[in-house]
Structure formats: C-alpha cells, structure tokens
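Structure assessment
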Amino acid sequence: MPELSLQVGSKTDQGVRANNEDSFVVDLRQRLFVVADGMGGQERGEIASSMAVEIIPRLVHARLATHDSPERALLKAVQEANAAIVEAGRSQPEGRRMGTTVVVALHHGGQVYISNLGDSRAYLIRGQNVEQLTRDHSVAQALVDTGALTKEEARFSPYQHVLHKFLGCHDLNGAAQVHAYTPQSGDRLLLATDGMTNHITEDDLRQGPKQFPDPQDWISHLVKKALDHGSRDNVTGVVIVFDQVN
Ligand code: CA
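Below, the structure is looked at part by part. No experiment lies behind these values; they were computed from the predicted model shown.

What follows is about the overall build of the protein. When helices and strands are tallied, the protein shows seven helices and 11 strands. What you see for the protein is a C-alpha radius of gyration of 17 Å, in line with the 18 Å of a compact globule of 246 residues. Seen along its three principal axes, the alpha-carbon backbone of the protein occupies a region of about 55 × 45 × 40 Å. Pairs at least 24 apart in sequence give 70% of the contacts found in the protein among residues at least 6 apart. Entry remark: accessible area of the protein is about 11,500 Å², with carbon and sulfur atoms responsible for 48%.

Spelled out as structure tokens, the structure:
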C-alpha cells in the first residue's frame, strides 16, 4: 500500500471565556494528534488538558520504541495519563474534581488508531460521507443507548455534557478503547472539542473540503463558524488531510 502524506490544520480559540481549558498537540514526527478539553474550572481544567497533551505523546513514543503494538501503546498512554491526572487531582480541595476529555489519533503502519474519553470527538470525512468515529461518554449518550432518549432529544438534554468517563476519573472501567481504520487518499480526519461540535453540522463537514482545500483555512473557518453560531465555550479543532504521495 502506498504511504500517505499528511497535511494538518489546527486552531484553538478561547472565545468569550476568561481562560482556555482546551489543549491540543500536533506531533508530526510520530504522526500523533491529541485534543483535550479540561474540566474543573479555572486553572484546574487547563492543568488537566495540558497534562494530557504532554503525557500521551511521550508515553506513546516510549512504548512504540520498545515495540509495543500501536493499540497497546495508545491504550497504555491513555490509562497512564488518567492515573497521573487522578494523582494531580488529589491535591485539590475536597469535592473539586479535575479532569479532561481526550481524543487521540495515531497514524502508524498504514492504519489510523483512535481513542477517546469524554465528549471530544473524531469525525472521518470521506467524499460525501461523514462518520463520527467516537462515542461520547456522556450521560445523555448512555440514555440514548438504553433507548430512554432519542438522538435528537439528547442534543438538548441537560445531561449532554455530564460526563461519566474522562481522564482523571477514578475508575475507567474499560471505557478506554482503541479503534483502527485504514485511511484513504482524500480522507479528512477532524478532532474537536464540544465547543466546536455543538455548533457545526455534518453538512458543514461535508461541504468544507470543496470550499477549503487548505486544512489550515478550513479549521480556521470551522472555529469562526462555531463562534459565529453562538459557541460560548473554548473552541478547538485539528484536521488531518491524507493524500497519496506522488
Ligand atoms: Ca468544552
């Protein structure tokens, strides 16, 4: 299979918030991308999300160097980041939680490996097809899974952003998983926080590649669109374009 080249666009905007609790990393050396949305208010969210984007690339690198499989490297990195954030949260005042969502993509050996906790998402845009690759760990999504809510009702549920799994939670209980797919030339992979995903539609994702061939132009447009559409949250996205090497 021919190797694919990657082109990346990335942007974060704190929007109307007083601080930015989102973090991201674009690690082109090992083709690893992480987006994290910190929780806990004030500096706690910032600390948690910046820990996620620092720890995960470092641990994935160390594990791949010792010939762990990409799945295992990613899973272990997420689990160890979780333990580190739980530990850091212990110094916080009682009842104040500290945590972060995370969505990670690793391009390795002709496959893309995805893992997530919380409600930051990965979308694959392939031609006219838009597929959400991740499942939110929100109470609303859990209610959809049991049939108590429809997908449409979940969008407006007060439980949409109540997360039951995230980095910094005491019992991950198997929630951290890794899924793989084979990328194709022309694919676009979007990693984004809820500040973006709540305010853009699948149609926006379908139309974007035609209007914005350059990934940096496109992600800048998506961030602006989310803010124009009333996002009062931090807005962050990373888009990766896969292309055939000529
Ligand atoms: Ca957010």
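Having seen it, we continue.
What follows concerns the environment of Ala-77. You can see Ala-77 is positioned in helix α2 (residues 70–89). Using a relative accessible area of 0% as the deciding quantity, one classes Ala-77 as buried. A sequence separation of 117 residues divides Ala-77 from Asp-194, and the C-alpha atoms of the two residues are 23 Å apart. With residues up to four places along the chain from it excluded, the contact list for Ala-77 reads Ile-56, Leu-59 and Val-60.

On the protein side, the calcium ion has Asp-37 (OD), Asp-194 (OD) and Asp-233 (OD) as donor atoms, found 2.2 to 2.4 Å from it. All donors of the calcium ion belong to a single chain; written as a sequence motif, their spacing is D-x156-D-x38-D. Here Asp-37 is found in strand β3 (residues 32–39), whereas its partner Asp-194 is found in helix α5 (residues 194–197), with 157 residues between them in sequence. The class of Asp-37 is buried, set by a relative accessible area of 8%. For Asp-194, a relative accessible area of 8% gives the class buried.

The next subject is the nonpolar core. Counting residues in hydrophobic clusters, the biggest one holds 33 residues, and the most contacted among them are Ile-56, Val-60, Leu-74, Val-104, Leu-117 and Leu-167. Of all elements in the fold, only β3, α1 (42–65), α2, β5 (102–108) and β6 (111–117) reach the threshold of two or more residues within this core. The dominant element in this core, judged by the number of residues it contributes, is α1, at nine residues. Apart from residues no more than four positions distant in its own chain, Leu-74 is found in contact with Leu-32, Val-60, Val-104, Leu-106, Tyr-113, Ile-114, Ser-115 and Val-178.

Applying the stated rule across the entire model yields 14 salt bridges. Between Arg-31 and Glu-3 there is a salt bridge; the shortest N-O distance is 3.5 Å. With Arg-31 in the loop between β2 (22–27) and β3 and Glu-3 in the segment before β1 (4–13), this pair connects stretches of sequence that are 28 residues apart. The class for Glu-3 is partly exposed, based on a relative accessible area of 46%. For Arg-121, the salt bridge identified is with Asp-136, shortest N-O distance 2.7 Å. Here Arg-121 is found in strand β7 (residues 121–126), whereas its partner Asp-136 is found in the loop between β8 (129–132) and α3 (139–146), with 15 residues between them in sequence.

The end-to-end C-alpha distance of α2 is 28 Å, a good match for the 28 Å that 20 residues give at a rise of 1.5 Å each. Residues of α2 that are buried include every one of Pro-70, Ala-73, Leu-74, Ala-77, Val-78, Ala-81, Asn-82, Ile-85, Val-86 and Gly-89, and no others.

Moving on, we come to the sheet that holds β7. An order of β1-β11-β10-β7-β8 is seen for the five strands of this open sheet, with the pairing classed as antiparallel. Strands at the two margins of the open sheet, each flanked by one partner only, are β1 and β8. Taken pair by pair, the neighbouring strands of this sheet meet at an average axis angle of 15°, ignoring direction. Examined bridge by bridge, strand β10 (residues 188–192) and strand β11 (residues 235–244) share five bridges and lie antiparallel to one another. Paired with Leu-189 across the two strands is Ile-240, which belongs to β11. Here helix α6 (residues 202–211) sits on the sheet and contacts β7, β8 and β10; the angle it forms with β7, its principal contact strand, is near 50°.

Before going further, it helps to spend a moment on helix α7 (residues 215–228). For α7, which comprises 14 residues, the first-to-last C-alpha distance of 20 Å matches the rise-based estimate of 20 Å (1.5 Å per residue) to within 8%. Among the residues of α7, those classed as buried are Pro-215, Trp-218, Ile-219, Leu-222, Val-223 and Ala-226. The arc that holds the buried residues of α7, viewed along the axis, is 135°, so those residues lie on one side. Those residues of α7 that are exposed and aimed more than 90 degrees away from the buried face are Lys-224 and Asp-228. As for α7, its buried residues are in contact with β1, β7, β10, α5, α6 and β11. Where α7 begins, the side chain of Asp-214 points an oxygen toward the backbone nitrogen of Gln-216, at a separation of 3.0 Å. Just past α7, the residue Gly-230 takes up positive phi, approximately 100°.

Scoring rules and cut-offs
- Residues numbered from 1 in each chain as written.
- Predicted model: local features only at pLDDT ≥ 70, side-chain atom pairs only at ≥ 80, totals over all residues.
- Heavy atoms only, no water.
- Helix = DSSP H or I, 4+ residues; strand = E, 2+ residues; numbered from the N terminus.
- Rg over C-alpha atoms; globule rule 2.2 N^0.38 Å.
- Contact = heavy atoms within 4.5 Å.
- Areas by Shrake-Rupley, 256 points an atom, 1.4 Å probe, with all protein chains shown as cover.
- Buried < 20%, exposed > 50% of the residue type's maximum accessible area, 1.4 Å probe, protein only.
- Donors = N, O, S within 2.8 Å, 3.2 Å for Na, K, Ca; no water.
- Core = buried A, V, L, I, M, F, W, Y, C linked by side-chain atoms within 4.5 Å.
- Salt bridge = Lys/Arg side-chain N within 4 Å of Asp/Glu carboxyl O.
- Expected span 1.5 Å × (residues − 1).
- Pairing = 2+ DSSP bridges.
- Axes fitted to C-alpha atoms, helices over the stretch in contact; angles between N-to-C directions.
- Arc of directions from axis to C-beta.
- Polar contact = N/O pair within 3.5 Å; in protein donor to acceptor, adjacent residues only side chain to side chain.

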